[in-house]
Amino acid sequence: MSPSTSPRFYTEREVARHCTKDSCWVLLGTRVYDVTAFLRMHPGGEALIRSRAGKDLTREMEGPPHRHSPNARRWLEQYYIGELDRESGAEETLRERRKDSEQTEEKSAEKTNGVKEEDENSPYKLCSSVDLDKDLVDWRKPLAWQVGHLGEKYDAWVHQPVDRPIRLFGNPFMEAATKTSWYWVPVVWLPLVFYLCWHCYATLAKGNTRLELTSNFSIPVHKYMFPILFVIGWVLWTLMEYCIHRFVFHMKPPAHNYYLITLHFLLHGQHHKSPFDGSRLVFPPGLASLMVGLFYMTLCKTLPETLGVSVFVGGLCGYVVYDMIHYYLHYGSPKRGSYLYGLKAYHVKHHFEHQRSGFGITTTFWDHPFDTVIPDEKF
């Protein structure tokens, strides 16, 4: 709802009727929110919100078991639709308020008549709006070349998430190149994983592969070692995943450096600004191939070729699982108490409250030795 329009008023009966997955409303005091679009994204699961549909969430927002962050509260405001009218018998009053609200909206529409309207099918129409007049960037234009001018305000701005898609570039081909549907990751990489698994196992089965420890001493590597090498590669990927997320994606660009701020936003900042933009939750295969190629060359230079490829394919499989889990943590509804349920809650805390910790995606293991574990809440 635009801040310039008067709020609409709803009776308790009207709010209580919206308790399905197709239309779910909640209250925070007397404020009414339509959280239908957020049901699947909620870290506590869809059922948790639906069980509280039509009710006041003030107690749940404060906790326990979970105290919602300021960013979570800002996020909720995007779904604000009006106010609760507690005067159950005052139907005339309610009618009058609605009439006044509609008249205010009509006047506001007349004032903005000269402004060019967005296309009716635009995805921006489907999302809750940001205050276009007060935000630090112009959301009507591509953001890639704007964010670098934010300077010292960039870090705070990029970590205040919004529920709307982002347009990075004006050029449609460049814009399309930054978007990837989740299924392209397994389509592109899994055939390579399966082929290399077969190739490495078949090569090791010939019995010709040896690991040279010194110029005079080497040990044979049997085919039964392939699963161990595969797991080593997978574990190595989890460490790379942590390091890339922490030291590259979460670098803090200097406030005076326009280019580093822009690079950070393109790499990861846009994901934190719009964490539920489904077209930018996995790596585009073209960009990922650079990292995959570097990983492959490093291992093959360090180890005998067959051993290097065996470790590499384990890491590549770990990468595919990482991208799939990351997508699921944003859009899936894992069963309460499951491993993925805990990961989803952990990752959402990283987005909304603890941006300088909680860097593990597929596992929180590496957060422990590096002392970046998200602390438990205390009440």
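Placed above this text is the structure.
Residues numbered from 1 in each chain as written. Predicted model: local features only at pLDDT ≥ 70, side-chain atom pairs only at ≥ 80, totals over all residues. Heavy atoms only, no water.

Visitor: I'd like a rundown of the overall build of the chain, residues and numbers included.
Guide: The helix and strand inventory of the chain stands at 13 helices and 7 strands. The buried share of the chain, taken over its 379 residues, is 43%. Sequence separation of 24 or more characterises 70% of the internal contacts of the chain that already satisfy a separation of 6 or more. Here the chain has roughly 21,100 Å² of accessible surface; of this, 59% comes from carbon and sulfur atoms. (Helix = DSSP H or I, 4+ residues; strand = E, 2+ residues; numbered from the N terminus. Buried < 20%, exposed > 50% of the residue type's maximum accessible area, 1.4 Å probe, protein only. Contact = heavy atoms within 4.5 Å. Areas by Shrake-Rupley, 256 points an atom, 1.4 Å probe, with all protein chains shown as cover.)

Visitor: Tell me about helix 12 (residues 305–331), residues and numbers included.
Guide: For helix 12, with 27 residues, the first-to-last C-alpha span of 39 Å sits near the 39 Å given by 1.5 Å per residue. Counting buried positions over the 27 residues of helix 12 gives 23, a clear majority of the element. (Expected span 1.5 Å × (residues − 1).)

Visitor: Go over the nonpolar core with me, naming the residues and quoting the values.
Guide: Counting 56 residues, the largest nonpolar core has Tyr33, Val35, Phe38, Trp189 and Tyr319 as the members making the most contacts within it. Residue contributions to this core peak at 14 residues, all from helix 12. Residues in contact with Tyr33, not counting those within four places in the same chain, are Cys24, Trp25, Val26, Leu28, Leu76, Glu77, Tyr79, Tyr80 and Ile81. Core analysis: the second largest hydrophobic core is formed by 15 residues, Trp139, Ala144, Val162 and Phe169 among them. (Core = buried A, V, L, I, M, F, W, Y, C linked by side-chain atoms within 4.5 Å.)

Visitor: Run through the packing of helix 12 against helix 13 (residues 339–352), naming residues and quoting values.
Guide: It is the contact of helix 12 with helix 13, at a shortest axis distance of 9 Å, that shows an interaxial angle of 80°. Relative to helix 13, helix 12 is oriented roughly perpendicular. Between helix 12, through Ile325, His326, Tyr328, Leu329, His330 and Tyr331, and helix 13, the contact on the second element is made entirely by Leu340, Leu343, Lys344, His347 and His351. Residues of the contact of helix 12 with helix 13, tallied by class, amount to 6 nonpolar, 4 polar and 1 charged. (Axes fitted to C-alpha atoms, helices over the stretch in contact; angles between N-to-C directions. Parallel < 35°, antiparallel > 145°, perpendicular 65-115°, else oblique. Nonpolar A, V, L, I, M, F, W, Y, C, P; charged D, E, K, R; others polar.)

Visitor: Help me get a handle on the environment of Lys349, residues and values and all.
Guide: Among the secondary structure elements, Lys349 is positioned in helix 13. The exposure class assigned to Lys349 is partly exposed, which follows from its relative accessible area of 23%. Residues Lys349 and Ile374, 25 residues apart in the sequence, show an inter-C-alpha distance of 7.9 Å.

Visitor: Explain the environment of Leu239 residue by residue, including any values.
Guide: With respect to the secondary-structure elements, Leu239 resides in helix 9 (residues 226–249). Judged by its relative accessible area of 26%, Leu239 is partly exposed. Apart from residues lying up to four places away in sequence, Leu239 is in contact with Trp366 and Phe370.

Visitor: Lay out the pattern of salt bridges with the relevant residues and their values.
Guide: Applying the stated criterion to the full structure yields 8 salt bridges. Two residues, Arg31 and Glu83, come together in a salt bridge whose shortest N-O distance is 3.5 Å. Of this pair, Arg31 sits in strand 4 (residues 31–34) while Glu83 sits in strand 5 (residues 80–85), and the two are 52 residues apart along the sequence. Classification of Glu83 as buried rests on a relative accessible area of 14%. (Salt bridge = Lys/Arg side-chain N within 4 Å of Asp/Glu carboxyl O.)

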